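# Structural features, examined
What follows is each chain in one-letter form.
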Amino acid sequence: MIIVSHTADNGANMELYVHIPFCVRKCDYCDFLSFPGFGCGADEKHRSLSCRYTDALCRELKSIFSELKDNGIKCDTCFIGGGTPSVLEPEETEKLLKTVSEGISPVEFTVECNPGTLTKEKLELYKKYGVNRLSIGLQSADNGILKVLGRIHTFEQFLESYRLVRSMGFNNVNIDLISAVPGQTPDNWKDTLKKVTDLEPEHISAYSLILEEGTPLYRKYEESPSSLALPGEDEEREIYHYTGEYLETKGYNRYEISNYAKKGFECRHNKGYWTGEEYVGAGIGAASYLSYKNALKLKNIPAGTGSEGNMFRIKNTENIEEYISHPSCVTEEVLDIEALMAEYCILGLRMTKGISVTAFKEKYGTDIRDRFGTVIDKYLQLGLLEQQDGYIRFTDKGLDVSNTVLCDFL
Ligand code: SF4
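### Some details on the overall build of the protein chain
When you go through the protein chain residue by residue, the secondary structure sums to 16 helices and 15 strands. For a compact globule of 410 residues, the expected C-alpha radius of gyration is about 22 Å, and the protein chain comes in at 22 Å, within 12% of that figure. Based on the C-alpha atoms only, the size of the protein chain along its principal axes is roughly 60 × 50 × 45 Å. Here the protein chain holds 410 residues, and 40% of them are scored as buried.

Here is the structure:
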């Protein structure tokens, strides 16, 4: 059995993710690897940390780029995420973008931004170094809901940032939204969708809130579940269905469970994740997903950990001082062919297009039905999956219970 196209050897492609772990303040629902106290008004200690981190990040990027070049590997996409990458000062922003643009030529180059942290000067730098996609965290058009989430901005401040972005000629913009927030009613969510689609962004991500352990919102819930007024299951389902239907009438196609795009504006970087492409991460806590050969070269995993045919999930250290002085990483998972096939199905089914039966065979040298025939047939019969034009995908009914179905592929 041979893995044909997971690896990015021989002139193929891989995605690049760059992590900026700084935010102005910590949102009440956030469990991402990010630290508060950065951006405009930051004290000397935070400013210095952000400078030292950017220098270390550029060093790591240069070393990754040198390996990519030596091995003829391209990066078609770069995603600078966080945290809030737009809190970086112009000088650090320029240092980072210059490093990226000297190392690779991404076709899609995204920077995540938050309202209240964007300036004309930073956007000019984004333009200068080839950033062609911006992803803005709005979450809700209702200032009360933004307060519940602990966001730093109001809807009006978002509008200011959005107009600035558009006036500077950025024509590929994503807006992030969160539904199922305590206190949010279906009508309130509908109003957010209307206000957002009136602005005509090219892409919308709409996730449901997950109460992550250790966050202030989670603690509030633990203390008094009733005080949070979380939407019930039926309300959540109503919101989910309405979102898909409404966005479709506005010209957005749902191409993944939570992602919607106008024609030609699907996020190439994320599609790489969902189709099992290799990716390399830079910065603290950044994850990489690499073939054996590339894990040896790009992340210095010790020889003898796993073997050819395995894929590696590797994570950079989460300790910022350790990263600055001596970047290290750990191999979190070695995936064998069985795990890879299951993961390919689980990620592939997140996309509304589904899994290509032919692509599966090309990748793994085996028919998808030989491996997952029983589970596929079970859900085809229940009307939760369908097979059409060489693709296996969820039906609308199946999307409602997608988690249960996906678990059966494990
Ligand atoms: S802006 Fe994003 S990364 Fe930063 S605290 Fe809020 S949710 Fe977390």
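Still to come is the rest of the account.
### Description of the site of the ligand
Around the ligand sit Cys23, Lys26, Cys27, Cys30, Phe32, Ser34, Gly82, Gly83, Thr84, Asn114 and Gly137, and those are all the residues in its vicinity. Classifying every residue of the shell around the ligand by side-chain character gives four nonpolar, six polar and one charged.

### Focus: the pairing of strand β3 (residues 108-113)
With respect to burial, β3 is a largely interior element, six of its six residues being buried. Every second residue of β3 is oriented toward a common face, with Glu108, Thr110 and Glu112 on one face and Phe109, Val111 and Cys113 on the other, all of them buried. This β-α-β element, strand β2 (residues 74-82) to helix α2 (residues 90-103) to β3, shows right-handed connectivity.

### A word on unusual backbone geometry
Note: most peptide bonds trans; most residues except glycine with negative phi. At the junction of Gly82 and Gly83, the peptide bond is cis and its omega measures out at 20° in the coordinates. When you line up the elements, Gly83 lands in the loop between β2 and α2. Here the phi dihedral of Ala229 falls at roughly 45°; this positive angle occurs in a residue that is not glycine.

### Points about the sheet that holds strand β13 (residues 355-356)
The antiparallel open sheet is built from three strands, whose spatial order is β13-β15-β14. At either end of the open sheet lies a strand with only one pairing partner, and these are β13 and β14 (385-388). Across two bridges, β13 lies against strand β15 (residues 391-394) in antiparallel orientation. The residue bridging Ile355 from the neighbouring strand is Ile392, located in β15. Where helix α14 (residues 368-381) meets the sheet, its contacts fall on β13, β14 and β15, and the angle it forms with β14 comes to roughly 120°.

Rules used in this analysis
Residues numbered from 1 in each chain as written. Predicted model: local features only at pLDDT ≥ 70, side-chain atom pairs only at ≥ 80, totals over all residues. Helix = DSSP H or I, 4+ residues; strand = E, 2+ residues; numbered from the N terminus. Rg over C-alpha atoms; globule rule 2.2 N^0.38 Å. Buried ≥ 20, exposed ≤ 12 C-beta atoms within 10 Å, placed from the backbone. Near = placed C-beta within 6 Å. Nonpolar A, V, L, I, M, F, W, Y, C, P; charged D, E, K, R; others polar. Right-handed = clockwise from strand over helix to strand, strands pointing away. Pairing = 2+ DSSP bridges. Contact = placed C-beta atoms within 7 Å. Axes fitted to C-alpha atoms, helices over the stretch in contact; angles between N-to-C directions.

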